[in-house]
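A structural walkthrough
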Amino acid sequence: MSVTVRIPTILRTYTGGRAEVSAEGATLGEVISDLEKNHTGIAARVLDDQGKLRRFVNVYVNDDDVRFEQGLETVTPDGAGVSIIPAVAGG
Amino acid sequence: MAVQTVASSTDSTVDLGPAAALSCRECGHRVPLGPFFACEECFGPLEIAYDFSAYDTEELRRRIEAGPASIWRYAPLLPVPADVAGKPNLNPGWTRLVQADRLARELGVDAGKLFVKDDSGNPTHSFKDRVVAQALEAARAFGFTTLSCSSTGNLAGAVGAAAARAGLRSCVFIPHDLEQGKVVMAAVYGGELVGIEGNYDDVNRFCSELIGDPAGEGWGFVNVNLRPYYAEGSKTLAYEICEQLGWELPDQIVVPVASGSQLTKVDKGLQELIGLGLVEDKPYKIFGAQAEGCSPVSTAFKAGHDVVRPQKPDTIAKSLAIGNPADGPYVLDIARRTGGAVEDVTDEQVVDAIKLLARTEGIFAETAGGVTVGVTRKLVEAGALDPAKTTVVLNTGDGLKTLDAVAGTGLTATIRPTLDSFREAGL
(Lines give C-alpha, C1' and ligand atoms only; values in the text may rest on other atoms or scores of the structure.)
Protein backbone atom coordinates (compact mmCIF):
# COMPACT_ATOMS: atom_id res chain seq x y z
CA MET A 1 0.00 0.00 0.00
CA SER A 2 1.56 3.28 -1.07
CA VAL A 3 0.35 6.48 0.56
CA THR A 4 1.25 10.15 0.36
CA VAL A 5 2.25 11.76 3.66
CA ARG A 6 2.00 15.52 4.19
CA ILE A 7 4.85 16.65 6.43
CA PRO A 8 4.45 19.69 8.72
CA THR A 9 7.09 22.41 8.59
CA ILE A 10 8.71 21.36 11.87
CA LEU A 11 9.43 17.85 10.52
CA ARG A 12 10.79 18.89 7.15
CA THR A 13 14.35 18.84 8.45
CA TYR A 14 13.93 15.05 8.26
CA THR A 15 12.62 15.03 4.69
CA GLY A 16 15.13 17.36 3.10
CA GLY A 17 12.59 20.17 3.11
CA ARG A 18 9.96 18.17 1.23
CA ALA A 19 6.34 18.86 2.19
CA GLU A 20 5.09 15.53 0.82
CA VAL A 21 6.72 12.11 0.76
CA SER A 22 5.58 8.62 -0.19
CA ALA A 23 5.49 5.76 2.28
CA GLU A 24 4.37 2.14 2.37
CA GLY A 25 2.14 0.42 4.89
CA ALA A 26 -1.30 -1.11 5.41
CA THR A 27 -1.83 0.73 8.69
CA LEU A 28 -0.75 4.09 10.08
CA GLY A 29 1.72 2.34 12.37
CA GLU A 30 3.35 0.63 9.39
CA VAL A 31 3.43 3.91 7.46
CA ILE A 32 5.28 5.60 10.34
CA SER A 33 7.75 2.70 10.52
CA ASP A 34 8.38 3.05 6.80
CA LEU A 35 8.83 6.82 7.16
CA GLU A 36 11.44 6.17 9.85
CA LYS A 37 13.41 3.89 7.50
CA ASN A 38 13.77 6.62 4.90
CA HIS A 39 13.74 9.68 7.17
CA THR A 40 15.51 8.63 10.34
CA GLY A 41 14.38 10.47 13.46
CA ILE A 42 10.86 11.28 12.35
CA ALA A 43 9.16 8.51 14.38
CA ALA A 44 10.56 9.81 17.66
CA ARG A 45 8.98 13.17 16.98
CA VAL A 46 5.54 11.73 16.26
CA LEU A 47 5.49 8.90 18.82
CA ASP A 48 6.20 9.02 22.54
CA ASP A 49 8.44 6.67 24.54
CA GLN A 50 5.65 4.08 24.70
CA GLY A 51 5.25 4.11 20.93
CA LYS A 52 1.91 5.94 21.08
CA LEU A 53 0.99 9.06 19.12
CA ARG A 54 2.12 12.12 21.06
CA ARG A 55 -0.81 14.02 22.52
CA PHE A 56 -0.05 17.19 20.56
CA VAL A 57 0.08 15.45 17.18
CA ASN A 58 -3.00 15.13 15.00
CA VAL A 59 -2.93 12.59 12.20
CA TYR A 60 -5.53 12.30 9.49
CA VAL A 61 -5.96 9.43 7.03
CA ASN A 62 -7.76 11.06 4.15
CA ASP A 63 -10.23 13.27 6.03
CA ASP A 64 -10.51 11.17 9.16
CA ASP A 65 -8.84 12.04 12.46
CA VAL A 66 -7.26 8.73 13.51
CA ARG A 67 -8.33 9.36 17.11
CA PHE A 68 -11.90 8.76 15.90
CA GLU A 69 -10.67 5.65 14.08
CA GLN A 70 -8.23 3.02 15.33
CA GLY A 71 -5.20 5.21 16.09
CA LEU A 72 -2.02 3.60 14.84
CA GLU A 73 -4.07 0.59 13.70
CA THR A 74 -6.08 2.77 11.32
CA VAL A 75 -6.07 1.23 7.85
CA THR A 76 -4.26 3.23 5.15
CA PRO A 77 -5.71 2.22 1.77
CA ASP A 78 -3.57 2.36 -1.34
CA GLY A 79 -3.38 5.95 -2.58
CA ALA A 80 -4.54 7.44 0.73
CA GLY A 81 -3.38 10.83 1.93
CA VAL A 82 -1.91 10.96 5.44
CA SER A 83 -1.51 14.37 7.13
CA ILE A 84 0.58 14.96 10.23
CA ILE A 85 -0.39 18.25 11.87
CA PRO A 86 0.57 19.98 15.13
CA ALA A 87 -2.46 19.97 17.43
CA VAL A 88 -1.80 23.23 19.20
CA ALA A 89 -3.52 25.48 16.67
CA GLY A 90 -6.82 27.23 17.05
CA GLY A 91 -9.08 28.73 19.66
CA MET B 1 3.95 27.78 39.07
CA ALA B 2 6.76 30.32 39.08
CA VAL B 3 6.86 33.20 36.63
CA GLN B 4 8.93 32.05 33.71
CA THR B 5 11.98 34.24 33.14
CA VAL B 6 15.18 34.09 31.16
CA ALA B 7 18.26 36.22 31.43
CA SER B 8 18.13 37.90 28.08
CA SER B 9 16.48 37.90 24.68
CA THR B 10 17.72 35.30 22.25
CA ASP B 11 16.72 37.39 19.24
CA SER B 12 17.81 40.99 19.56
CA THR B 13 16.29 42.00 16.21
CA VAL B 14 12.70 41.56 17.41
CA ASP B 15 11.32 44.14 19.84
CA LEU B 16 8.42 42.56 21.66
CA GLY B 17 9.02 44.20 25.02
CA PRO B 18 9.67 41.77 27.87
CA ALA B 19 9.19 38.69 25.65
CA ALA B 20 12.55 36.94 25.62
CA ALA B 21 12.09 33.59 23.89
CA LEU B 22 9.63 30.83 23.05
CA SER B 23 9.56 27.88 25.40
CA CYS B 24 7.77 24.53 25.04
CA ARG B 25 5.16 24.04 27.72
CA GLU B 26 5.67 20.28 27.55
CA CYS B 27 9.44 19.73 27.41
CA GLY B 28 10.93 23.18 28.03
CA HIS B 29 12.80 23.29 24.70
CA ARG B 30 13.58 26.93 23.95
CA VAL B 31 13.78 28.75 20.63
CA PRO B 32 14.23 32.42 19.69
CA LEU B 33 11.15 34.59 19.19
CA GLY B 34 9.62 33.90 15.79
CA PRO B 35 6.40 32.82 14.07
CA PHE B 36 6.53 29.34 15.55
CA PHE B 37 3.84 27.57 17.53
CA ALA B 38 4.74 23.91 17.96
CA CYS B 39 7.85 22.46 19.55
CA GLU B 40 10.19 20.84 17.05
CA GLU B 41 11.10 18.23 19.67
CA CYS B 42 7.70 17.05 20.92
CA PHE B 43 4.97 19.05 19.11
CA GLY B 44 4.02 20.69 22.43
CA PRO B 45 2.72 24.25 22.46
CA LEU B 46 5.28 27.05 22.51
CA GLU B 47 4.73 29.83 25.04
CA ILE B 48 6.32 33.19 25.65
CA ALA B 49 9.08 33.29 28.25
CA TYR B 50 9.54 36.74 29.76
CA ASP B 51 12.20 38.72 31.48
CA PHE B 52 10.40 40.53 34.31
CA SER B 53 13.49 40.65 36.50
CA ALA B 54 13.96 44.42 36.31
CA TYR B 55 10.52 45.32 37.66
CA ASP B 56 10.00 46.93 41.05
CA THR B 57 6.54 45.95 42.30
CA GLU B 58 5.29 49.34 43.45
CA GLU B 59 6.77 51.20 40.50
CA LEU B 60 5.12 48.68 38.16
CA ARG B 61 1.78 49.10 39.94
CA ARG B 62 1.99 52.91 39.58
CA ARG B 63 2.93 52.57 35.93
CA ILE B 64 -0.05 50.31 35.26
CA GLU B 65 -2.49 52.54 37.13
CA ALA B 66 -1.27 55.60 35.21
CA GLY B 67 -1.58 53.75 31.89
CA PRO B 68 -4.28 53.99 29.22
CA ALA B 69 -7.80 52.61 29.74
CA SER B 70 -7.04 49.59 27.58
CA ILE B 71 -4.97 46.42 27.73
CA TRP B 72 -1.92 48.54 27.00
CA ARG B 73 -1.78 49.61 30.65
CA TYR B 74 -0.28 46.10 31.03
CA ALA B 75 2.19 46.46 28.15
CA PRO B 76 5.14 45.76 30.52
CA LEU B 77 3.71 42.25 30.99
CA LEU B 78 2.87 41.51 27.34
CA PRO B 79 4.83 40.54 24.21
CA VAL B 80 4.51 44.00 22.67
CA PRO B 81 6.87 46.94 22.16
CA ALA B 82 6.78 49.69 24.79
CA ASP B 83 5.25 52.18 22.32
CA VAL B 84 2.38 49.87 21.36
CA ALA B 85 -0.37 52.26 22.50
CA GLY B 86 0.73 54.78 19.88
CA LYS B 87 0.37 52.36 16.96
CA PRO B 88 -2.82 51.88 14.96
CA ASN B 89 -4.73 49.11 16.70
CA LEU B 90 -8.13 48.75 18.32
CA ASN B 91 -6.98 49.47 21.90
CA PRO B 92 -9.27 46.84 23.44
CA GLY B 93 -9.81 45.94 27.06
CA TRP B 94 -10.44 47.67 30.38
CA THR B 95 -14.00 46.45 30.08
CA ARG B 96 -16.40 46.77 32.97
CA LEU B 97 -16.54 44.45 35.95
CA VAL B 98 -20.20 44.48 36.97
CA GLN B 99 -21.21 43.73 40.55
CA ALA B 100 -24.15 41.45 39.79
CA ASP B 101 -26.30 41.47 42.94
CA ARG B 102 -29.60 40.73 41.22
CA LEU B 103 -28.09 37.79 39.39
CA ALA B 104 -26.46 36.68 42.64
CA ARG B 105 -29.85 36.59 44.37
CA GLU B 106 -31.27 34.38 41.60
CA LEU B 107 -28.31 32.03 41.74
CA GLY B 108 -28.13 31.86 45.52
CA VAL B 109 -24.81 33.69 45.78
CA ASP B 110 -24.22 36.19 48.62
CA ALA B 111 -24.80 39.87 47.86
CA GLY B 112 -21.65 41.69 46.81
CA LYS B 113 -19.85 38.46 45.93
CA LEU B 114 -20.76 37.92 42.27
CA PHE B 115 -19.22 39.87 39.39
CA VAL B 116 -19.58 39.66 35.63
CA LYS B 117 -16.55 40.59 33.56
CA ASP B 118 -18.37 41.91 30.52
CA ASP B 119 -16.12 41.67 27.50
CA SER B 120 -18.92 42.45 25.07
CA GLY B 121 -17.71 46.04 25.43
CA ASN B 122 -14.63 45.46 23.29
CA PRO B 123 -14.37 47.14 19.86
CA THR B 124 -15.73 44.13 17.94
CA HIS B 125 -17.85 42.99 20.86
CA SER B 126 -15.92 39.98 22.08
CA PHE B 127 -12.79 39.18 24.06
CA LYS B 128 -11.05 38.28 20.81
CA ASP B 129 -9.88 41.87 20.38
CA ARG B 130 -7.52 41.29 23.30
CA VAL B 131 -5.73 38.37 21.71
CA VAL B 132 -5.73 39.76 18.18
CA ALA B 133 -4.05 42.94 19.43
CA GLN B 134 -1.09 40.85 20.61
CA ALA B 135 -0.95 38.88 17.36
CA LEU B 136 -1.04 42.12 15.35
CA GLU B 137 2.13 43.34 17.08
CA ALA B 138 3.81 40.01 16.42
CA ALA B 139 2.71 40.16 12.76
CA ARG B 140 4.28 43.60 12.48
CA ALA B 141 7.46 42.42 14.17
CA PHE B 142 7.82 39.45 11.82
CA GLY B 143 6.94 41.40 8.68
CA PHE B 144 3.65 39.67 7.79
CA THR B 145 1.40 41.59 5.42
CA THR B 146 -1.68 39.35 5.60
CA LEU B 147 -3.52 38.62 8.84
CA SER B 148 -5.48 35.39 8.91
CA CYS B 149 -7.15 32.90 11.24
CA SER B 150 -9.46 29.97 11.65
CA SER B 151 -12.52 31.21 13.47
CA THR B 152 -15.82 30.23 15.02
CA GLY B 153 -16.97 33.77 14.19
CA ASN B 154 -15.86 36.25 16.83
CA LEU B 155 -12.21 35.98 15.89
CA ALA B 156 -13.00 36.57 12.22
CA GLY B 157 -14.48 39.97 13.06
CA ALA B 158 -11.65 40.86 15.41
CA VAL B 159 -9.02 40.00 12.81
CA GLY B 160 -10.88 41.83 10.03
CA ALA B 161 -11.19 44.97 12.13
CA ALA B 162 -7.62 44.91 13.44
CA ALA B 163 -6.22 44.40 9.93
CA ALA B 164 -8.36 47.22 8.58
CA ARG B 165 -7.15 49.60 11.29
CA ALA B 166 -3.52 48.56 10.78
CA GLY B 167 -3.68 48.69 6.99
CA LEU B 168 -2.98 44.98 6.51
CA ARG B 169 -4.76 42.56 4.22
CA SER B 170 -6.96 40.01 5.96
CA CYS B 171 -8.20 36.63 4.78
CA VAL B 172 -10.03 34.57 7.37
CA PHE B 173 -11.63 31.14 7.35
CA ILE B 174 -14.87 30.14 9.08
CA PRO B 175 -17.26 27.17 9.05
CA HIS B 176 -19.74 27.89 6.26
CA ASP B 177 -22.81 27.61 8.51
CA LEU B 178 -22.05 30.24 11.17
CA GLU B 179 -24.65 32.57 12.65
CA GLN B 180 -25.54 35.32 10.15
CA GLY B 181 -24.70 38.05 12.67
CA LYS B 182 -21.14 36.84 12.98
CA VAL B 183 -20.74 36.50 9.22
CA VAL B 184 -21.88 40.08 8.63
CA MET B 185 -19.75 41.41 11.49
CA ALA B 186 -16.71 39.72 10.00
CA ALA B 187 -17.37 40.64 6.36
CA VAL B 188 -18.08 44.32 6.91
CA TYR B 189 -14.43 45.18 7.51
CA GLY B 190 -13.66 44.51 3.87
CA GLY B 191 -11.21 41.63 4.15
CA GLU B 192 -11.67 38.28 2.50
CA LEU B 193 -13.96 35.89 4.36
CA VAL B 194 -13.94 32.27 3.27
CA GLY B 195 -16.52 29.68 4.35
CA ILE B 196 -15.17 26.15 4.65
CA GLU B 197 -17.48 23.19 4.19
CA GLY B 198 -16.92 21.58 7.56
CA ASN B 199 -16.85 22.37 11.27
CA TYR B 200 -14.30 24.48 13.15
CA ASP B 201 -11.90 21.58 13.57
CA ASP B 202 -11.90 21.10 9.79
CA VAL B 203 -11.21 24.82 9.32
CA ASN B 204 -8.40 24.64 11.83
CA ARG B 205 -6.85 21.66 10.12
CA PHE B 206 -7.03 23.43 6.77
CA CYS B 207 -5.28 26.53 8.17
CA SER B 208 -2.57 24.39 9.76
CA GLU B 209 -1.87 22.83 6.36
CA LEU B 210 -2.01 26.18 4.55
CA ILE B 211 0.79 27.48 6.77
CA GLY B 212 3.14 24.83 5.46
CA ASP B 213 2.25 25.56 1.86
CA PRO B 214 3.73 28.27 -0.38
CA ALA B 215 0.18 29.67 -0.76
CA GLY B 216 0.25 30.66 2.91
CA GLU B 217 3.71 32.19 2.89
CA GLY B 218 3.86 35.64 4.44
CA TRP B 219 0.61 35.08 6.27
CA GLY B 220 0.29 35.62 9.98
CA PHE B 221 -2.36 33.23 11.27
CA VAL B 222 -3.16 34.77 14.61
CA ASN B 223 -4.19 31.49 16.25
CA VAL B 224 -1.74 29.20 14.49
CA ASN B 225 1.76 30.49 13.74
CA LEU B 226 1.25 33.57 15.95
CA ARG B 227 -0.60 31.62 18.64
CA PRO B 228 2.04 31.99 21.39
CA TYR B 229 1.71 35.79 21.16
CA TYR B 230 -2.05 35.83 20.52
CA ALA B 231 -2.84 33.63 23.52
CA GLU B 232 -1.08 36.01 25.91
CA GLY B 233 -3.89 38.54 25.33
CA SER B 234 -6.19 36.49 27.55
CA LYS B 235 -3.89 37.20 30.50
CA THR B 236 -5.25 40.74 30.45
CA LEU B 237 -8.63 39.43 31.62
CA ALA B 238 -6.93 38.22 34.79
CA TYR B 239 -4.96 41.45 35.21
CA GLU B 240 -8.07 43.61 34.82
CA ILE B 241 -10.21 41.52 37.14
CA CYS B 242 -7.62 41.74 39.91
CA GLU B 243 -6.98 45.45 39.44
CA GLN B 244 -10.74 46.15 39.35
CA LEU B 245 -11.15 44.18 42.57
CA GLY B 246 -8.58 46.49 44.18
CA TRP B 247 -5.53 44.36 43.36
CA GLU B 248 -7.01 41.24 44.87
CA LEU B 249 -7.39 37.75 43.51
CA PRO B 250 -10.97 36.54 43.13
CA ASP B 251 -11.74 33.33 45.00
CA GLN B 252 -13.49 31.68 42.05
CA ILE B 253 -13.58 32.35 38.30
CA VAL B 254 -15.85 30.72 35.74
CA VAL B 255 -14.30 30.73 32.26
CA PRO B 256 -15.76 29.38 29.00
CA VAL B 257 -13.77 26.60 27.38
CA ALA B 258 -13.43 26.23 23.62
CA SER B 259 -9.77 25.47 22.82
CA GLY B 260 -8.98 26.05 26.49
CA SER B 261 -6.45 28.76 25.71
CA GLN B 262 -8.32 31.50 27.54
CA LEU B 263 -8.62 29.53 30.77
CA THR B 264 -4.95 28.56 30.77
CA LYS B 265 -3.90 32.16 30.18
CA VAL B 266 -6.21 33.52 32.87
CA ASP B 267 -4.41 31.18 35.24
CA LYS B 268 -1.04 32.29 33.88
CA GLY B 269 -2.01 35.93 34.39
CA LEU B 270 -3.01 35.31 38.00
CA GLN B 271 0.24 33.46 38.65
CA GLU B 272 2.25 36.31 37.15
CA LEU B 273 0.52 38.87 39.36
CA ILE B 274 1.32 36.72 42.40
CA GLY B 275 4.92 36.25 41.27
CA LEU B 276 5.36 39.97 40.73
CA GLY B 277 3.86 40.80 44.14
CA LEU B 278 1.02 42.83 42.63
CA VAL B 279 -1.57 40.72 44.49
CA GLU B 280 -1.38 38.80 47.73
CA ASP B 281 -1.09 35.08 47.18
CA LYS B 282 -4.12 33.07 48.24
CA PRO B 283 -5.94 30.00 46.91
CA TYR B 284 -8.30 30.52 43.99
CA LYS B 285 -10.41 28.09 42.00
CA ILE B 286 -10.84 28.12 38.23
CA PHE B 287 -13.93 26.53 36.73
CA GLY B 288 -14.32 25.70 33.04
CA ALA B 289 -17.67 25.94 31.28
CA GLN B 290 -18.76 24.05 28.17
CA ALA B 291 -21.95 23.32 26.29
CA GLU B 292 -23.10 19.72 26.58
CA GLY B 293 -23.15 19.42 22.77
CA CYS B 294 -19.42 20.09 22.67
CA SER B 295 -18.01 19.01 26.00
CA PRO B 296 -14.80 17.07 25.41
CA VAL B 297 -13.06 18.72 28.36
CA SER B 298 -15.86 18.45 30.91
CA THR B 299 -16.39 14.84 29.85
CA ALA B 300 -12.71 14.10 30.49
CA PHE B 301 -12.80 16.00 33.79
CA LYS B 302 -15.79 14.07 35.09
CA ALA B 303 -14.30 10.75 33.98
CA GLY B 304 -11.02 11.51 35.74
CA HIS B 305 -9.06 11.36 32.49
CA ASP B 306 -6.02 13.48 31.74
CA VAL B 307 -6.41 13.20 27.98
CA VAL B 308 -9.26 14.72 26.02
CA ARG B 309 -11.08 12.62 23.47
CA PRO B 310 -12.28 14.77 20.55
CA GLN B 311 -16.00 15.16 19.88
CA LYS B 312 -18.10 16.20 16.88
CA PRO B 313 -19.73 19.46 18.05
CA ASP B 314 -23.50 19.92 18.05
CA THR B 315 -24.53 22.97 20.07
CA ILE B 316 -25.93 26.48 19.64
CA ALA B 317 -22.83 27.77 21.46
CA LYS B 318 -20.87 27.88 18.23
CA SER B 319 -18.13 30.11 19.58
CA LEU B 320 -17.27 27.24 21.93
CA ALA B 321 -17.76 24.47 19.36
CA ILE B 322 -14.22 23.16 19.21
CA GLY B 323 -14.36 19.39 19.38
CA ASN B 324 -10.60 18.91 19.49
CA PRO B 325 -9.41 21.50 22.01
CA ALA B 326 -5.65 22.12 21.80
CA ASP B 327 -5.31 23.24 25.42
CA GLY B 328 -7.83 20.78 26.84
CA PRO B 329 -5.25 18.80 28.85
CA TYR B 330 -4.03 22.01 30.50
CA VAL B 331 -7.57 22.99 31.43
CA LEU B 332 -7.90 19.65 33.22
CA ASP B 333 -4.59 20.23 35.01
CA ILE B 334 -5.58 23.73 36.16
CA ALA B 335 -9.11 22.84 37.25
CA ARG B 336 -7.71 19.97 39.33
CA ARG B 337 -4.74 21.93 40.68
CA THR B 338 -6.89 24.82 41.89
CA GLY B 339 -9.76 22.70 43.21
CA GLY B 340 -12.13 23.89 40.50
CA ALA B 341 -14.10 21.83 38.00
CA VAL B 342 -15.21 21.66 34.38
CA GLU B 343 -18.96 21.48 33.90
CA ASP B 344 -21.39 21.65 30.99
CA VAL B 345 -24.98 22.74 30.36
CA THR B 346 -27.58 21.91 27.72
CA ASP B 347 -28.53 24.31 24.94
CA GLU B 348 -31.84 24.93 26.72
CA GLN B 349 -29.97 25.91 29.88
CA VAL B 350 -27.75 28.19 27.80
CA VAL B 351 -30.78 30.07 26.47
CA ASP B 352 -32.32 30.30 29.95
CA ALA B 353 -29.05 31.70 31.30
CA ILE B 354 -28.78 34.31 28.53
CA LYS B 355 -32.26 35.52 29.45
CA LEU B 356 -31.49 35.38 33.18
CA LEU B 357 -28.40 37.56 32.81
CA ALA B 358 -30.27 39.99 30.58
CA ARG B 359 -33.27 40.40 32.89
CA THR B 360 -31.26 40.64 36.11
CA GLU B 361 -28.28 42.74 35.07
CA GLY B 362 -29.10 44.27 31.70
CA ILE B 363 -26.27 42.37 30.03
CA PHE B 364 -27.07 40.66 26.73
CA ALA B 365 -24.56 37.85 26.38
CA GLU B 366 -23.83 35.69 23.40
CA THR B 367 -24.21 31.94 23.80
CA ALA B 368 -20.78 31.58 25.42
CA GLY B 369 -21.94 33.94 28.18
CA GLY B 370 -25.04 31.79 28.56
CA VAL B 371 -22.74 28.83 29.03
CA THR B 372 -20.74 30.46 31.84
CA VAL B 373 -23.81 31.77 33.66
CA GLY B 374 -25.61 28.44 33.21
CA VAL B 375 -22.61 26.51 34.50
CA THR B 376 -22.28 28.91 37.45
CA ARG B 377 -25.88 28.17 38.41
CA LYS B 378 -25.24 24.43 38.12
CA LEU B 379 -22.05 24.66 40.21
CA VAL B 380 -23.80 26.62 42.97
CA GLU B 381 -26.67 24.13 43.04
CA ALA B 382 -24.20 21.24 43.25
CA GLY B 383 -22.29 22.90 46.07
CA ALA B 384 -19.09 23.01 43.99
CA LEU B 385 -18.98 26.79 43.96
CA ASP B 386 -18.97 28.56 47.34
CA PRO B 387 -21.71 31.24 47.38
CA ALA B 388 -19.92 33.18 50.13
CA LYS B 389 -16.72 33.68 48.10
CA THR B 390 -15.93 36.34 45.54
CA THR B 391 -16.80 34.88 42.14
CA VAL B 392 -16.19 36.32 38.68
CA VAL B 393 -18.10 34.99 35.68
CA LEU B 394 -16.82 35.85 32.22
CA ASN B 395 -19.11 37.07 29.47
CA THR B 396 -16.90 36.96 26.42
CA GLY B 397 -19.22 38.24 23.71
CA ASP B 398 -22.26 40.29 22.73
CA GLY B 399 -25.72 38.75 22.39
CA LEU B 400 -26.33 40.72 19.20
CA LYS B 401 -24.04 38.22 17.48
CA THR B 402 -26.22 35.23 18.34
CA LEU B 403 -29.76 36.57 18.07
CA ASP B 404 -31.01 33.22 16.77
CA ALA B 405 -30.39 31.68 20.19
CA VAL B 406 -33.17 33.79 21.70
CA ALA B 407 -35.30 33.99 18.56
CA GLY B 408 -38.50 33.20 20.47
CA THR B 409 -38.14 36.45 22.42
CA GLY B 410 -40.24 39.24 20.96
CA LEU B 411 -43.24 41.47 21.37
CA THR B 412 -45.30 41.19 24.54
CA ALA B 413 -48.36 42.44 22.65
CA THR B 414 -49.40 44.33 19.53
CA ILE B 415 -52.03 46.99 20.20
CA ARG B 416 -53.81 49.84 18.47
CA PRO B 417 -52.50 53.32 19.42
CA THR B 418 -55.33 53.86 21.91
CA LEU B 419 -55.57 53.79 25.69
CA ASP B 420 -58.45 51.31 25.49
CA SER B 421 -56.33 48.91 23.51
CA PHE B 422 -53.49 49.31 26.01
CA ARG B 423 -55.84 48.47 28.92
CA GLU B 424 -57.35 45.53 27.05
CA ALA B 425 -53.90 44.04 26.61
CA GLY B 426 -53.53 43.92 30.40
CA LEU B 427 -50.42 46.07 30.43
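Residues numbered from 1 in each chain as written. Chains lettered and ligands numbered in written order. Predicted model: local features only at pLDDT ≥ 70, side-chain atom pairs only at ≥ 80, totals over all residues.

Some details on the overall build of chain A
Within chain A, the secondary structure is distributed over two helices and five strands. Seen in sequence order, chain A has helices and strands lined up from the N terminus as β-β-α-α-β-β-β. The C-alpha atoms of chain A give 12 Å as radius of gyration, which agrees with the globular expectation for 91 residues (12 Å, within 12%). By principal-axis analysis of the C-alpha atoms, chain A measures approximately 35 × 30 × 25 Å. Sorting the 91 residues of chain A into buried and exposed places 42% on the buried side. A sequence separation of at least 24 residues applies to 51% of the contacts in chain A between residues at least 6 apart. (Helix = DSSP H or I, 4+ residues; strand = E, 2+ residues; numbered from the N terminus. Rg over C-alpha atoms; globule rule 2.2 N^0.38 Å. Buried ≥ 20, exposed ≤ 12 C-beta atoms within 10 Å, placed from the backbone. Contact = placed C-beta atoms within 7 Å.)

Brief notes about the sheet that holds strand 10 (residues 252-256) of chain B
Residues and elements named next belong to chain B. Taking strand neighbours across the sheet as the criterion, the six strands line up as 4-5-13-10-11-12 in an open arrangement whose pairing is mixed. The sheet terminates laterally at strand 4 (97-99) and strand 12 (342-345), the two strands that pair on one side only. Geometrically, the sheet is characterised by an average inter-axis angle of 25° between neighbouring strands, direction not taken into account. Strands strand 11 (285-291) and strand 12 of the sheet are contacted by helix 10 (residues 296-303), whose axis makes an angle of about 125° with strand 12. (Pairing = 2+ DSSP bridges. Axes fitted to C-alpha atoms, helices over the stretch in contact; angles between N-to-C directions.)

A few points about the interface of chain B and chain A
Interface size is commonly expressed as the accessible surface area that is lost when the partners come together. Opposite the 30 residues of chain B that make contact, chain A presents 21 residues. Here the side of chain B that touches chain A gets six residues from one element, more than from any other, and that element is helix 6 (residues 200-211) of chain B. A breakdown of the residues in the side of chain B that touches chain A according to their chemical character gives 14 nonpolar, nine polar and seven charged. (Nonpolar A, V, L, I, M, F, W, Y, C, P; charged D, E, K, R; others polar.)

Some remarks on helix 12 (residues 347-361) of chain B
All names here are of chain B. Relative to the 21 Å expected for 15 residues at 1.5 Å per residue, helix 12 spans 21 Å between its end C-alpha atoms, a close match to the ideal helical length. When we look at burial in helix 12, the residues that qualify are Gln-349, Val-350, Val-351, Ala-353, Ile-354, Leu-356, Leu-357 and Glu-361. Turning to helix 12, the residues buried within the fold contact strand 4, helix 2 (101-107), strand 5 (114-118), strand 11, strand 12 and helix 13 (367-382). Looking one or two places after helix 12, you find Gly-362, whose phi comes out positive at around 70°. (Expected span 1.5 Å × (residues − 1).)

A look at the nonpolar core
Residue and element names in this part refer to chain B. Within the largest apolar cluster, 158 residues are counted, with the highest numbers of intra-cluster contacts made by Val-132, Ala-135, Val-159, Ala-162, Val-255, Phe-287 and Leu-320. When residues of this core are assigned to their parent elements, the largest contribution, eight residues, is made by helix 3 (residues 128-142). In contact with Val-132, not counting residues within four places along its chain, are Ala-158, Val-159, Ala-162, Val-222 and Tyr-230. (Core = buried A, V, L, I, M, F, W, Y, C linked by C-beta atoms within 7 Å.)

Some details on the packing of helix 12 of chain B against helix 13 of chain B
Residues and elements named next belong to chain B. Viewed as axis vectors pointing N to C, helix 12 and helix 13 meet at an angle of 95°, and their least axial separation amounts to 7 Å. Between helix 12 and helix 13, the interaxial angle falls into the category roughly perpendicular. Residues Gln-349, Val-350, Val-351, Asp-352, Ala-353, Ile-354, Leu-356 and Leu-357 of helix 12 form the contact with helix 13, whose participating residues are Thr-367, Gly-369, Gly-370, Val-371, Val-373, Gly-374 and Arg-377. Taken together, the residues that form the contact of helix 12 with helix 13 break down as eight nonpolar, five polar and two charged. (Parallel < 35°, antiparallel > 145°, perpendicular 65-115°, else oblique.)

Focus on the packing of helix 10 of chain B against helix 11 (residues 328-338) of chain B
Residue and element names in this part refer to chain B. Put simply, helix 10 and helix 11 touch, their axes get as near as 10 Å, and they point 45° apart. The angle between the axes of helix 10 and helix 11 places the two elements in the oblique class. Relative to helix 11, the crossing made by helix 10 is right-handed. Residue-level inspection shows Pro-296, Val-297, Ala-300 and Phe-301 of helix 10 in contact with helix 11, the latter providing Gly-328, Val-331, Leu-332 and Ala-335. Considering only residue class, the contact of helix 10 with helix 11 consists of seven nonpolar, one polar and no charged. (Left-handed = near helix turned anticlockwise from the far one by under 90°.)

Side note on helix 8 (residues 235-244) of chain B
Residue and element names in this part refer to chain B. Among the 10 residues that make up helix 8, nine are buried, leaving the element largely enclosed by the rest of the structure. Within helix 8 the residues assigned to the buried category are Lys-235, Thr-236, Leu-237, Ala-238, Tyr-239, Glu-240, Ile-241, Cys-242 and Glu-243. Buried residues along helix 8 sit against strand 4, strand 5, helix 3, helix 9 (261-276) and strand 13 (391-395). Where helix 8 terminates, the next one or two residues include Gly-246, which has phi positive at roughly 85°.

Focus on the pairing of strand 8 (residues 192-196) of chain B
Here strand 7 (residues 169-175) of chain B runs beside strand 8 of chain B; their pairing, made up of five bridges, is parallel. Among the inter-strand pairings, Phe173(B) is bridged to a residue of strand 8 of chain B, identified as Val194(B).

Quick word on the pairing of strand 5 (residues 81-86) of chain A
Strand residues, when the strand is regular, have side chains that alternate between the two faces of the sheet. All names here are of chain A. Of all the six residues making up strand 5, five are buried; the element is thus mostly covered by neighbouring parts of the structure. Judged from the three bridges that link them, strand 1 (residues 2-6) and strand 5 form a sheet pairing that is parallel. Counted as the bridge partner of Arg-6 is Ser-83 from strand 5. Direction of pairing for strand 3 (residues 57-61) relative to strand 5: antiparallel, over a ladder of five bridges. Each bridged residue has a counterpart across the sheet, and for Val-57 the counterpart in strand 5 is Pro-86.

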